[in-house]
Amino acid sequence: MPAQIGVTGLAVMGANLARNFARNGYTVALHNRSVAKTDALLAAHGDEGDFIRTETLAELVENLEVPRRVLIMVKAGAPVDAVIEQLVPLLEAGDIVIDAGNSHYEDTRRREAALAEKGLHFVGVGVSGGEEGALLGPSIMPGGSRESYDALGPMLEKISAKVDGEPCCAWIGTDGAGHFVKMVHNGIEYADMQVIGEAYDLLRSGAGIEPAEQAAIFADWNKGDLASFLIEITAEVLGHVDAKTGKPFIDVVVDSAGQKGTGRWTVVSGLDLGSPVSGIAESVFARALSSQRGQRAEAQTALEGAVSEVALPENFVEDVRQALYASKLVSYAQGLDMLTSAAGEYGWDLKLDEIASLWRAGCIIRAELLKDITKAYAGGARPANLLFAPAFRDAIAAALPAWRRVVATAVQLGIPVPVFSSSLAYYDGLRRDRLPAALTQGLRDLFGAHTYGRIDAEGTFHTLWGGDKSEVAAVDTH
Ligand code: NAP
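Residues numbered from 1 in each chain as written. Predicted model: local features only at pLDDT ≥ 70, side-chain atom pairs only at ≥ 80, totals over all residues. Heavy atoms only, no water.

Per an unreviewed UniProt entry, the protein goes by 6-phosphogluconate dehydrogenase, decarboxylating and derives from Arthrobacter ginkgonis. UniProt, in the comment section headed Sequence similarities (unreviewed entry), describes the protein in these words: "Belongs to the 6-phosphogluconate dehydrogenase family." The UniProt entry for the protein carries this comment under Catalytic activity (unreviewed entry): "6-phospho-D-gluconate + NADP(+) = D-ribulose 5-phosphate + CO2 + NADPH". (UniProt positions renumbered as here; feature names shortened; annotations may be inferred.)

Okay, here's the thing in structure tokens:
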């Protein structure tokens, strides 16, 4: 029997996806550059389903039903191009090459265009859920042509996570749309983790609540509107005691976090698209600052840290919970807004309700909140910003007093809360009647004749700053 799918790249993610397909009844042809990984997988899990062992890509391709589906799960970047280059001469028009790794969406757009010229489908698939998700049911975000989804989608839906029987997998849009959405998912994940960290820091350094007690607080929060995978595992991590020292585990972990991957890509794309993903950007920068360990050590003695005496607000823990909820909501709003901008830029018809719905399970940002986000965009509803959807508008209004108290208290205490505070600044920036951008425009016109618009007339204008300061209509240079 030919296999319905071939998987090449059998490190942890590829091996688990291959097992997931096999456990769901598909025959899976296996390949890895070094055969040892193929044999290790078969030795440990060969009895979980129907696998075909192959040693070369040619053998892999020979064992597949037509149209052939080859899923690549190798290290992102040059290795993906190397595998594609070897695969393409072995395939025929109509076959489907799938890249399920964490590739950059621009690479996916480039590869899709190149393979389309040869009559091949190239499908960039965002997969979230880590090792365990890959095996038990990830959240899956496939791009590529609609036609390729007809041949591939049902298989991906079958192995995906489910919510009330509904698969956490849907066709996202053409070319790099799947990888773009996965990238933004990861950006939101960065912000989600940072706001949790800021809440932890405020409760620890501001209110003196020790990790074990915080574990109970986070477990309690996980029963309400913050319920999510990341809040759940925060309770677990904070409750964990280091066996070696008997100290809270969190106190023996080096406090610096890396920021090279998809979070950084999200911010770079946000800048390119002019999309204000400030919460995600602050999360990436917070990790960058945490990694400057030399400067941080010097700052302990070099920099003054005078802070005001502050009486904590009466219900500080509840205030922090509300600030966390509001800031988290802003991160989702910013991420979804960036998807809208990207849809316009790249010609994708992104359905935000479907995207929110396939993040409800299987992936790292899975959260109760996503059910409400799905509802906010259901039936073609398109609030210009998630925060304008009635349910969220009211929720943020209710959290606002606590959010302001928490940010003000943090500033007085000298506890950095970059995402709590930048999210509040975004919120206030959105709702301000007049922004100081008018002054920016005035300055730019003075030093560089960059021109400006008027609130009371069409067109663009320039003031003769070096002359009699009269205003002239600017010449349209476009
Ligand atoms: P990995 O460590 O990123 O890559 C190792 C695999 O790539 C091995 O099978 C290796 O083959 C193969 N490889 C490397 N260079 C190659 C080349 N030039 N030609 C052919 N094969 C090559 O594996 P991973 O951790 O399983 O991750 C795979 C992908 O999934 C990556 O894109 C990663 O970013 C992504 N990922 C996603 C998640 C998630 O939650 N979605 C989690 C982790 C990783 P050999 O065994 O022969 O060296």
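Asker: Please explain the environment of Asn222 as it appears in this structure.
Answerer: Take Asn222: it is sitting in the loop between helix 9 (211-221) and helix 10 (229-239). Residue class for Asn222 comes out partly exposed when judged on its relative accessible area of 22%. Spatially, the C-alpha atom of Asn222 lies 9.7 Å from that of Thr234, the residues being 12 residues apart in sequence. (Helix = DSSP H or I, 4+ residues; strand = E, 2+ residues; numbered from the N terminus. Buried < 20%, exposed > 50% of the residue type's maximum accessible area, 1.4 Å probe, protein only.)

Asker: How should the nonpolar core be read in this particular structure?
Answerer: Generally speaking, a soluble globular protein has its nonpolar side chains buried in company with each other. With 90 residues, the main nonpolar core has Phe180 and Trp359 as its most contacted residues. Here this core gets 16 residues from one element, more than from any other, and that element is helix 14 (residues 316-346). The next biggest cluster of nonpolar side chains, apart from the first, holds 29 residues, and it includes Val7, Leu17, Ala134 and Met155. (Core = buried A, V, L, I, M, F, W, Y, C linked by side-chain atoms within 4.5 Å.)

Asker: Quick question: what am I supposed to make of the packing of helix 1 (residues 12-23) against helix 7 (residues 146-159) here?
Answerer: Geometry of a packed helix pair, given as the angle between the helix axes and the separation of the axes. Contact geometry for helix 1 and helix 7: axes closest at 9 Å, N-to-C directions at 95 degrees. On the basis of their axis angle, the class for helix 1 and helix 7 is roughly perpendicular. Contacts between helix 1 and helix 7 pair Leu17, Asn20 and Phe21 from the former with Met155, Leu156 and Ile159 from the latter. Tallied by class, residues from the contact of helix 1 with helix 7 come to five nonpolar, one polar and no charged. (Axes fitted to C-alpha atoms, helices over the stretch in contact; angles between N-to-C directions. Parallel < 35°, antiparallel > 145°, perpendicular 65-115°, else oblique. Contact = heavy atoms within 4.5 Å. Nonpolar A, V, L, I, M, F, W, Y, C, P; charged D, E, K, R; others polar.)

Asker: Any chance you could explain helix 11 (residues 262-273) here in plain terms?
Answerer: Given 3.6 residues per helical turn, the α-helix brings residues three or four places apart onto the same face. Compared with the 16 Å implied by 1.5 Å per residue over 12 residues, the 16 Å span of helix 11 between its first and last C-alpha is a close match. For helix 11, the full list of buried residues reads Thr262, Gly263, Trp265, Thr266, Val267, Ser269, Gly270 and Leu273. Residues of helix 11 that are buried make contact with helix 5 (105-116), helix 8 (177-206), helix 12 (278-290) and helix 14. Phi for Gly274, located one or two positions after helix 11, is positive at around 70 degrees. (Expected span 1.5 Å × (residues − 1).)

Asker: I keep staring at the side chain of Asp242 and nothing clicks. Help me out?
Answerer: Mapped onto the elements, Asp242 comes out in the loop between helix 10 and helix 11. When sequence neighbours within four positions are dropped, the list of residues in contact with Asp242 reads Lys247, Pro248, Phe249 and Val252.

Asker: Can you help me understand the site of the ligand in this one?
Answerer: Around the ligand, the surrounding shell holds 21 residues, and the nearest of these are Met13, Asn32, Ser34, Lys37 and Val127. At a separation of 2.5 Å, an oxygen atom of the ligand approaches a polar side-chain atom of Lys37. Within the backbone of Val127, an N or O atom sits 2.5 Å from a nitrogen atom of the ligand. If the ligand stood free it would expose 910 Å²; the protein chains cover 76% of that surface. Residue composition of the shell around the ligand, by class: 10 nonpolar, seven polar and four charged. (Near = heavy atom within 4 Å. Polar contact = N/O pair within 3.5 Å; in protein donor to acceptor, adjacent residues only side chain to side chain. Areas by Shrake-Rupley, 256 points an atom, 1.4 Å probe, with all protein chains shown as cover.)

Asker: I'm lost on a nonpolar patch on the surface in this one. Help?
Answerer: Residues Leu439, Leu443, Leu446 and Phe447 make up a contiguous nonpolar surface patch of about 460 Å² in total accessible area. By the element assignment, Leu446 lies in helix 19 (residues 437-448). (Patch = residues over 30% accessible without salt bridge, like charges linked within 9 Å, V, L, I, M, F, W, Y side chains within 5 Å. Salt bridge = Lys/Arg side-chain N within 4 Å of Asp/Glu carboxyl O.)

Asker: Can you walk me through the UniProt feature "domain: 6-phosphogluconate dehydrogenase C-terminal" (unreviewed entry) in the protein in this structure?
Answerer: Within the UniProt annotation, "domain: 6-phosphogluconate dehydrogenase C-terminal" (unreviewed entry) is assigned to residues 178-466. When the span residues 178-466 is considered, its composition is 63% helix and 3% strand, and the gap between its end C-alpha atoms is 52 Å.

Asker: How should I be thinking about the sheet that holds strand 1 (residues 5-8) in this particular structure?
Answerer: Sheets are built from strands paired through backbone hydrogen bonds, the pairs being either parallel or antiparallel. One open sheet holds the seven strands; their spatial order is 3-2-1-4-5-6-7, and the pairing between them is mixed. In the strand order of this sheet, the two ends are held by strand 3 (51-53) and strand 7 (139-142), each with one partner. For this sheet, the mean angle separating the axes of adjacent strands, direction not counted, is 25 degrees. Judged from the four bridges that link them, strand 5 (residues 96-99) and strand 6 (residues 121-128) form a sheet pairing that is parallel. Bridged to Val97 within strand 6 is Phe122. (Pairing = 2+ DSSP bridges.)

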